[in-house]
Amino acid sequence: MPEYNLNVNGQSFTVEAAADTPVLWVLRDHLRLVGTKYGCGIGQCGACTIHLDGKAQRSCLTPVSSVENAKITTIEGLSEDGSHPVQVAWKEADAPQCGYCQAGQIMTASSFLRENPAPSNEEIRKAMHGNICRCAAYNRIEKAVAMASEKLT
Amino acid sequence: MRPFTFTKVRNSAVAVKEISEKEEAKFIAGGTNLLDLMKFDVMIPKNIIDITGIALNYIKNLEDGGLRLGALVTNSDTAYHKEVENRYPLLSHAILAGASPQLRNKATDAGNLLQRTRCYYFYDPATPCNKREPGSGCSAIHGYNRWHAIFGASEKCIATHPSDMCVALAALEAKVNVTGPNGERNIPFEDFHRLPGDHPEKDTNLSKDEIITSIDLPANGFAENFSYIKNRDRASYSFALVSIAVGLEMKGNKIKEARIVLGGVAHKPWRNKEAEAFLNNKEANRENFEAVADVIVREAKGYEYNKFKIELARRSVVRALMQAAKIEE
Amino acid sequence: MATNFIGKPKNRVDGRDKVTGTAKYTAEFHRPGLLHGVVVSGTIAKGRIKNIDTTAALRLEGVVEVFTHINTPKQAWLDLSYKDMDAPPGEPFRPLHNDKIQFNMQPVALVVAETLELAQYAATLVKVEYEVEEHRTKLADHLEDAIDGDGFRAGFVPPKSQGNFKKAFSNSEVQLDVEYFHGAEHHNPMEMHAATVFYEEDGSLTIYDKTQGVKNSQHYISMVFGLSKKKVRVLSPFVGGAFGSALRPQYQLFLATLAALELKRSVKVELTRPQMFSFGHRPITIQNLKLGASPDGKLKAISHKAFSETSRFEKYVENVVNWAAKLYDCDNIEQVYKLVRLDMYTPLDMRAPGGATGVYALESAMDELSYKLKMDPMELRLKNYSEEDKSEGKPFSTKTLRECFQKGAAKFGWEKRNPQPRSMKKGHDLIGWGMATGVWDAMQVPARAKAEFSADGTLTVGSATADIGTGTYTIMTQIAAETLGLPLEKVKANLGDSDLPFAFIEGGSSTAASVGSAVQKVCEKIAKKLLKEAGKIKDSPFKGANPEEVIFADEMITDKINPSISMSFAEIMESRELEKINKKYMLLPNMLKQNKYSRNTHSAVFAEVKVDEDLGTIKVNRIVSAIDGGRILNLKTAHSQILGGVVWGISMAVHEDSFMDHTFGRFINHDLSKYHISVNADMPEIDVVFVEEPDMVVSSVGAKGIGEIGMVGVAAAIGNAVFHATGKRVRSLPITQEKAMT
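Please read these numbers as outputs of a predicted model, since none were measured by experiment.

Each value, and the rule that gives it
- Residues numbered from 1 in each chain as written.
- Chains lettered and ligands numbered in written order.
- Predicted model: local features only at pLDDT ≥ 70, side-chain atom pairs only at ≥ 80, totals over all residues.
- Heavy atoms only, no water.
- Helix = DSSP H or I, 4+ residues; strand = E, 2+ residues; numbered from the N terminus.
- Rg over C-alpha atoms; globule rule 2.2 N^0.38 Å.
- Buried < 20%, exposed > 50% of the residue type's maximum accessible area, 1.4 Å probe, protein only.
- Contact = heavy atoms within 4.5 Å.
- Areas by Shrake-Rupley, 256 points an atom, 1.4 Å probe, with all protein chains shown as cover.
- Lys, Arg positive; Asp, Glu negative; His and termini not counted.
- Charge placed at Lys NZ, Arg CZ, Asp CG, Glu CD.
- Domains from an automatic or database assignment.
- Buried area = accessible area lost by both parts, 1.4 Å probe.
- Salt bridge = Lys/Arg side-chain N within 4 Å of Asp/Glu carboxyl O.
- Polar contact = N/O pair within 3.5 Å; in protein donor to acceptor, adjacent residues only side chain to side chain.
- Pairing = 2+ DSSP bridges.
- Nonpolar A, V, L, I, M, F, W, Y, C, P; charged D, E, K, R; others polar.
- Axes fitted to C-alpha atoms, helices over the stretch in contact; angles between N-to-C directions.
- Parallel < 35°, antiparallel > 145°, perpendicular 65-115°, else oblique.
- Left-handed = near helix turned anticlockwise from the far one by under 90°.
- Phe/Tyr/Trp six-rings, centres within 6.5 Å; stacked < 30°, edge-to-face > 60°.
- Lys NZ or Arg CZ within 6 Å of the ring centre and 35° of its normal.
- pLDDT = per-residue confidence, 0-100.
- Core = buried A, V, L, I, M, F, W, Y, C linked by side-chain atoms within 4.5 Å.

### Some thoughts on the overall build of chain B
- Helices and strands together make up the secondary structure of chain B, namely 12 helices and 12 strands.
- For chain B, whose C-alpha radius of gyration is 19 Å, the value lies close to the compact-globule estimate of 20 Å for 329 residues.
- When burial is assessed residue by residue, chain B has 62% of its 329 residues classed as buried.
- Considering only contacts within chain B whose residues lie at least 6 apart along the sequence, 63% involve residues at least 24 apart.
- Split by element, the accessible area of chain B, about 12,300 Å² in all, is 48% carbon and sulfur.
- Across chain B, the 45 positively charged side chains and the 42 negatively charged ones have centroids separated by 2 Å.

Below is the structure:
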């Protein structure tokens, strides 16, 4: 099996995996970074969202062979202690219920807020619409994004 | 996943060579559809050729006033490109009506053209499907066919093409530039996708050994009078039950040229030129729009669960035309 | 007091773990050498396996074993052994037991390999030949074969009738006779069902299982595999959503345990999203409602009949038709519940089981009646407001529904409603306002808790319950901290571990009232012990003092009458040279007291919808949910629970539909792009109003439980609003676009 050199959360890793192995499973099974979640495996739920060079993408549909030159950021790399403004707002707004989709939600929100630090509610809604939350904390999530945006600006 | 080879290529010529020589080979770029189909064992390529290294990630102006979209430009970059937003807002709207931001960040323009139907049965190898396994039968005809075609279907297949982007591209009369072993050619958009006929396993008229290099948009983007309406089961993140792309060229309240293309209703973006011609030099008003909508749905055929799409299509055509003509009610 | 926490909007204590990705779920526990198991699902609804060929899979290097019915050693042969604590009457499904296929997507093999990718590939190489038998899966086609919906199951009350419905109905001046339908649904928690089984050196098992009841999973495994409970520890510290899907042990647990025991190695089995449609769904119902009333709106007769579905092997029962007698003051009520056995997996409790569907039909019919009577729908409810449960002839322990109507209506602006359908319009949107009542049970079940107070001032409480996103960790912490008078940071709550004292399965909205009370009581025992120890200190002012005479707050004991007399916990522990104080408590509901009352939560739900006049596009625009849920233990997490419930109601009303293709007897839209649940773009503005009245009958903490009530009534309110908007009555869920087209 081929080897890949990956840059994850600022650290270098070498993994041995089939070229098409989704980054999701490389993170979860090889690197034990399990904060990135498996919710469908086919790009439909957003639980596996990570940043590739700062852009939110689905890790379940990203083959490991395509990310060798990219900077990968996962929820574990967003902050060391949950102090990223998005994480702080998330706790305060009670966005997580079961918590399973939240890493994906937070990664989507943080990438979005970097591009658009002061979004309108409509823009927040559009940005977040690819992340499913079965506990249905959507209103709380949108509020948390708005709260984080206030802290960022 | 099943074993297969994985090759990275850096230019189109090599890509064409690779795919011509290899058995059951597929290109991969964004992978947003191929990988999920592989997960479900619907597509089982033996060789995968990664084309993301080819320099096809560009958007540039053409001499004839049109715009060229490189095959590997992502859907997001296309939708938010200034030239596209300003000159082809119909395309921009259609793209943003589909998928999710993360998927659009990965999915490429050429990949969008090649995405496969979302028919339940196509996706479930436990059931017969002529598109997945020619000759096995169509489960949808007598099954749950709420999402299925009302135009141009065959006994063999009633699947629909799921793209939003392609509906707009059909309305804009885009051209698809491809490269193959015998050189380059371009395919008018209406000839790109196929009706199922006896060979539903073939979605397009692209040959097995050809690669899409770019998509050309003609100069006229219908930027003044356009509309994209998408009827779907939830407010975002679902495929179209019926979508409509309309572009109008108007002079005063008269219509000079009309483009009306329906999505989610056929094996390809569904365009009715006879109906479009009916509007030439006519007043933009509800009466004429109702008449043209009647013409469009005249040849529609529904199945057990999707009959409603006919009336929905009719009303949506009227609504889209009214919006494009900026007629308030 | 700085240590008063109950009722406050405190942040979730596990919030940090959940926003940093450090909260670990079942499939995320790992040890070197862990094997991966992939389930092969069957493709027919009924028949038998003629042949199953595993040779190609086994030939691959790294594939360790393929388990099928042929090589699976026979486990306990008694059905009884397979019965978990939540099993309905019948013979539970036994995975890989024999060649019989009882439902589509039944697990037929487990492929175990060194890596997940390899196991997945090998699973595609397992070839199964079937002998197909004719199946039947369509409820509507087999109503004549219906049997009575009865039998013993925790929480199920066989419906009763009273008075003389027939006579009263025929004597009613205003009559309504309507049929309602809704599709099947699947829970689809975001986290897939999984079990990670670690095979310990001594042959014992440490199992991480996705479950709402670790004791239930432990019981099941020990019975099925004949293991002492001491050899089986089940953990489930975080559950990525469940909504009922993890009440019963699902087959991943059996399969992972089987493989671990046979191979004497650690094994993980995680299902795929399509496989989440292979076990347990909210069953379809076909309901008939007959309402008879006098012209002034007084209900004279109610008949609520439901047909629902179950499997061939178990009789799944839920309370579908039991609600009219709880809600309405009517003397003649007929309630009938029938089941049809079909070739499918046994249905499974799904958020507000029975209530969500039964109340949908009842409250939709009430709306229809209000139009017949030309009466405001809320006025009709108030006219028939019941102060007692007619089915039991008992008063309610607490009931603030009347205030819920008032406060909800005020918040919504209900008084401005024009009763005429199609009377409100904006652009192309027809606007409709509808309302409905919700009702659910307030249950307390036995629960144990333990607590340990340490000399360093920290307290650890524990109970083998679950937190499926409900906030159990948080309310346990709040209750413990307030009861003993500690800061939240000094309290640690443990749950989801079968080594902890017994708690029943986390479900039915019973946890807050049950585990919450047990935690309160065990902390009171610690407090009492501290006071007793304080009294033993030389010259102690608390010598012989009763707990009623003092206050436990701010980490000290203070005299109620003379607050200047106090003693810190630290001082007591130090003076008495105590390292720890350990206490246990077993909560048994006071049935004598509880049985004098009917115990229920209620809600009043108001909905505004917009329906496109041409296209039928529905947008739920605004919901007000006023909740009678007893005392609210944490305003923030409780609010989240109700929000979630409301969205579940919206999703049920306009989106969710697990569609079974009856040709194949198979749910055909088995992934998240084809099975639609609400997404954020569908969200309306949602207002939640709590009308609190502590219910000291249900629980000593005053809580009634709010996990389900937020959902009940929402679908009816939306359907009623769609009628008000369009003038078209849709009697089947989900109300998709085509149904709302006029």
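### Description of the domain arrangement of chain B
- Domain annotation of chain B identifies domain 1 (5-50) and domain 2 (226-324).
- Between the C-alpha centres of domain 1 of chain B and domain 2 of chain B the distance comes to 36 Å.

### Quick look at the interface of chain C and chain A
- Of the residues lining the interface, 61 residues belong to chain C; the matching set on chain A comes to 44 residues.
- Carbon and sulfur atoms supply 53% of the area that chain C and chain A bury against each other, a total of about 4,200 Å² over both sides.
- The largest per-residue losses of area from chain C upon contact with chain A belong to Val-19, Met-190 and Asn-680 of chain C, which jointly make up 19% of the total buried on that side.
- Between chain C and chain A we count 5 salt bridges in total.
- For Asp-94 of chain A, the salt bridge goes to Arg-12 of chain C, with nearest N and O atoms at 2.6 Å.
- Our count for the chain C to chain A interface comes out at 30 residue pairs in polar contact (both at pLDDT 80 or more).
- Looking at the side of chain C that touches chain A, the elements with two or more residues in it are α1 (15-20), α3 (116-125), β12 (267-270), α15 (635-654) and β31 (685-690) of chain C.
- At 10 residues, the largest contribution of residues to the side of chain C that touches chain A is made by α15 of chain C.

### Structural notes on the pairing of strand β3 (residues 47-50) of chain B
Residues and elements named next belong to chain B.
- Covered by surrounding structure in β3 are Asn-47 and Ile-49 together with Ile-48 and Asp-50, the residues of both alternating faces.
- As paired strands, strand β1 (residues 5-8) and β3 are joined by 4 bridges and run parallel to one another. Following the sheet pairing, Phe-6 is matched in β3 by Ile-48.
- As paired strands, strand β2 (residues 25-28) and β3 are joined by 4 bridges and run parallel to one another. Looking across to β3, one finds that Phe-27 is bridged to Ile-49.

### Brief notes about the pairing of strand β27 (residues 600-612) of chain C
All names here are of chain C.
- Taking burial as the measure, the 13 residues of β27 include 12 buried ones, the bulk of the element.
- Here 13 bridges tie strand β19 (residues 429-441) to β27, and the two strands are oriented antiparallel to one another. Each bridged residue has a counterpart across the sheet, and for Gly-432 the counterpart in β27 is Val-609.
- Here 10 bridges tie β27 to strand β28 (residues 618-628), and the two strands are oriented antiparallel to one another. When the bridges of β28 are listed, Ser-603 appears paired with Ile-627.
- Connecting β27 to the next strand, β28, in antiparallel fashion are 5 residues, including Gly-616 with a positive phi near 80 degrees.

### Observations concerning the interface of chain C and chain B
- Facing the 36 residues of chain C at the interface are 38 residues of chain B.
- Across the chain C-chain B interface, the total number found is 4 salt bridges.
- Here Arg-319 of chain B makes a salt bridge to Asp-612 of chain C, at a shortest N to O gap of 2.8 Å.
- Summed over the shared surface of chain C and chain B, the result is 14 residue pairs in polar contact (both at pLDDT 80 or more).
- Every element with two or more residues in the side of chain C that touches chain B is listed here: α3 and α17 (737-740) of chain C.
- A per-element tally of the side of chain C that touches chain B places α3 of chain C first, with 4 residues.
- When grouped by side-chain class, the residues that make up the side of chain C that touches chain B number 12 nonpolar, 13 polar and 11 charged.

### Some details on the environment of Trp-323 of chain C
Residues and elements named next belong to chain C.
- By the secondary structure assignment, Trp-323 is in the loop between β14 (299-310) and α7 (324-327).
- The exposure class of Trp-323 is buried, given its relative accessible area of 1%.
- Note: C-alpha distance between Trp-323 and Trp-440 (117 residues apart in sequence) is 8.4 Å.
- Each residue touching Trp-323, except ones within four places of it in the same chain, is listed here: Gln-335, Gly-354, Gly-355, Val-359, Leu-362, Val-439, Trp-440, Asp-441 and Asn-600.

### Looking at the packing of helix α8 (residues 355-373) of chain C against helix α16 (residues 714-726) of chain C
Residues and elements named next belong to chain C.
- Axis separation between α8 and α16 bottoms out at 8 Å; the angle between their running directions is 30 degrees. Our classification of the angle between α8 and α16 gives roughly parallel. Seen along the crossing, α8 lies across α16 with a hand that is right-handed. The residues of α16 that touch α8, namely those facing Val-359, Tyr-360, Glu-363, Ser-364, Asp-367 and Tyr-371, are Ala-715, Ala-716, Asn-720, Phe-723 and His-724.
- Across the contact of α8 with α16, the residue classes tally to 6 nonpolar, 3 polar and 2 charged.

### Section: the domain arrangement of chain C
Residue and element names in this part refer to chain C.
- Taken as a whole, chain C is organised into domain 1 (30-134 + 189-272), domain 2 (142-185 + 281-443 + 595-741) and domain 3 (445-588).
- Taken over C-alpha atoms, the centre of domain 1 sits 36 Å from the centre of domain 2.
- Each partner contributes residues to the interface: domain 1 has 23 residues there, and domain 2 has 21 residues.
- Interface area, domain 1 with domain 2, both sides summed: about 2,000 Å², of which 57% is carbon and sulfur.
- On the domain 1 side of the contact with domain 2, Pro-88, Pro-89 and Phe-243 bury the most area, a combined 27% of that side's loss.
- Taken together, domain 1 and domain 2 are joined by 3 salt bridges.

### Remarks on the packing of aromatic side chains
- The full count for this structure, using the stated rule, is 39 aromatic pairs over all chains.
- For the pair Tyr-180 of chain C and Tyr-360 of chain C, a centre-to-centre distance of 5.5 Å together with 85 degrees between the ring planes defines the contact as edge-to-face. One end of the pair, Tyr-180 of chain C, is in strand β8 (residues 174-182); the other, Tyr-360 of chain C, is in helix α8, and 180 residues separate them in sequence.
- The class of Tyr-180 of chain C is buried, set by a relative accessible area of 1%.
- Aromatic rings pair up to connect Tyr-120, Tyr-121, Tyr-144, Trp-147 and Tyr-305 of chain B together with Phe-659 and Phe-664 of chain C into one cluster.
- Note that Lys-282 of chain B overlies the ring of Phe-278 of chain B, its terminal NZ or CZ placed 3.9 Å from the centroid.
- Taking NZ or CZ as reference, Arg-402 of chain C lies 4.1 Å from the ring centre of Tyr-385 of chain C, over its face.

### Quick notes on the sheet that holds β2 of chain B
All names here are of chain B.
- Strand order in this open sheet of 3 strands is β1-β3-β2, and the pairing throughout is parallel. Each edge of the open sheet is held by one strand with a lone partner, namely β1 and β2. With direction set aside, neighbouring strand axes in the sheet form an average angle of 25 degrees.
- Lying over the sheet, helix α1 (residues 12-21) contacts β1, β2 and β3, oriented at roughly 150 degrees with respect to β2.

### Some words on the environment of Pro-95 of chain C
All names here are of chain C.
- Mapping Pro-95 onto the fold places it in the loop between β3 (63-67) and β4 (100-101).
- Sequence separation between Pro-95 and Lys-739 is 644 residues, and the spatial gap between their C-alpha atoms is 40 Å.
- Those residues in contact with Pro-95, other than ones at most four positions away along the chain, are Tyr-220, Tyr-251, Phe-254 and Leu-255.

### Remarks on the confidence of the model for chain C
- Per-residue confidence for chain C averages 97 on the pLDDT scale, and 100% of its residues sit at or above 70.
- Note on the complex model: pTM 0.97, ipTM 0.97.

### Quick look at the nonpolar core
- Residues Leu-459 and Ile-718 of chain C are the most contacted members of the largest nonpolar core, which totals 320 residues.
- If you tally residues by element for this core, the top one is helix α12 (residues 511-536) of chain C, at 11 residues.
- Contacts of Ile-718 of chain C, omitting those with residues within four sequence positions, involve Ala-607, Val-609, Val-620, Ile-623, Gly-649, Ile-650, Ala-653 and Val-654 of chain C.
- Core analysis: the second largest hydrophobic core is formed by 49 residues, Val-9, Ile-95, Ile-187 and Ile-215 of chain B among them.

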